[in-house]
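# Per-entry structural report
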Amino acid sequence: SWFGFFGNLYPAYVRGMAYLSARHGVEAAAEFQKIVQYPTLVWSDPVGVVARLQLARALALSGNTAKSKAAYQDFLVLWKDAEQDIPILKQAKAEYARLP
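Notes on the structure in this doc start here.

The rules behind each value
Residues numbered from 1 in each chain as written. Predicted model: local features only at pLDDT ≥ 70, side-chain atom pairs only at ≥ 80, totals over all residues. Heavy atoms only, no water. Helix = DSSP H or I, 4+ residues; strand = E, 2+ residues; numbered from the N terminus. Buried < 20%, exposed > 50% of the residue type's maximum accessible area, 1.4 Å probe, protein only. Contact = heavy atoms within 4.5 Å. Areas by Shrake-Rupley, 256 points an atom, 1.4 Å probe, with all protein chains shown as cover. Polar contact = N/O pair within 3.5 Å; in protein donor to acceptor, adjacent residues only side chain to side chain.

## Comments concerning the overall build of the protein
Scanning the protein for helices and strands turns up 5 helices and 0 strands. When the helices and strands of the protein are read in sequence order from the N terminus, they spell out α-α-α-α-α. When the 100 residues of the protein are sorted by exposure, 38% land in the buried category. Of the contacts formed within the protein by residues at least 6 apart in sequence, a portion of 49% connects residues at least 24 apart. Summed over all atoms, the accessible surface of the protein reaches about 6000 Å², with 61% contributed by carbon and sulfur.

Structure, rendered in structure tokens:
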């Protein structure tokens with residue numbers, strides 16, 4: 001039997017998305033970092049993977065290009081075996097390619 005824990009860090013994800021929407025990159029990155037640093041809480045939750053992409057976006061917004069690139073790479077490594085035409089993957093690759 002398999003079960004997972006879903007929703008443990010949704011409040012941090014929602015706060016991060018709100019900060020990202022308001023273009024507050026530093027605050028958004030702090031929220032997404034909370035999720036990324038506790039992978040055992042979200043190992044079976046899609047938020048655990050998508051938070052890496054949102055962290056990359058927040059870091060880029062805050063001007064931290066080096067950390068943003070590393071976060072994009074983390075996300076892309078997790079998706080390396082995925083179908084290449086999935087929209088979120090295509091978008092992440094395009095964003096990563098545009099980083100200076």
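## Digging into the side chain of S68
As for its position among the elements, S68 is in helix α4 (residues 65-78). Residue S68 is classed as buried on the basis of its relative accessible area, which comes to 0%. Side-chain polar atoms of S68 contact the backbone oxygen of A56, separated by 2.8 Å. With sequence-adjacent residues up to four places away left out, S68 is seen in contact with A56, L59, A60 and L99.

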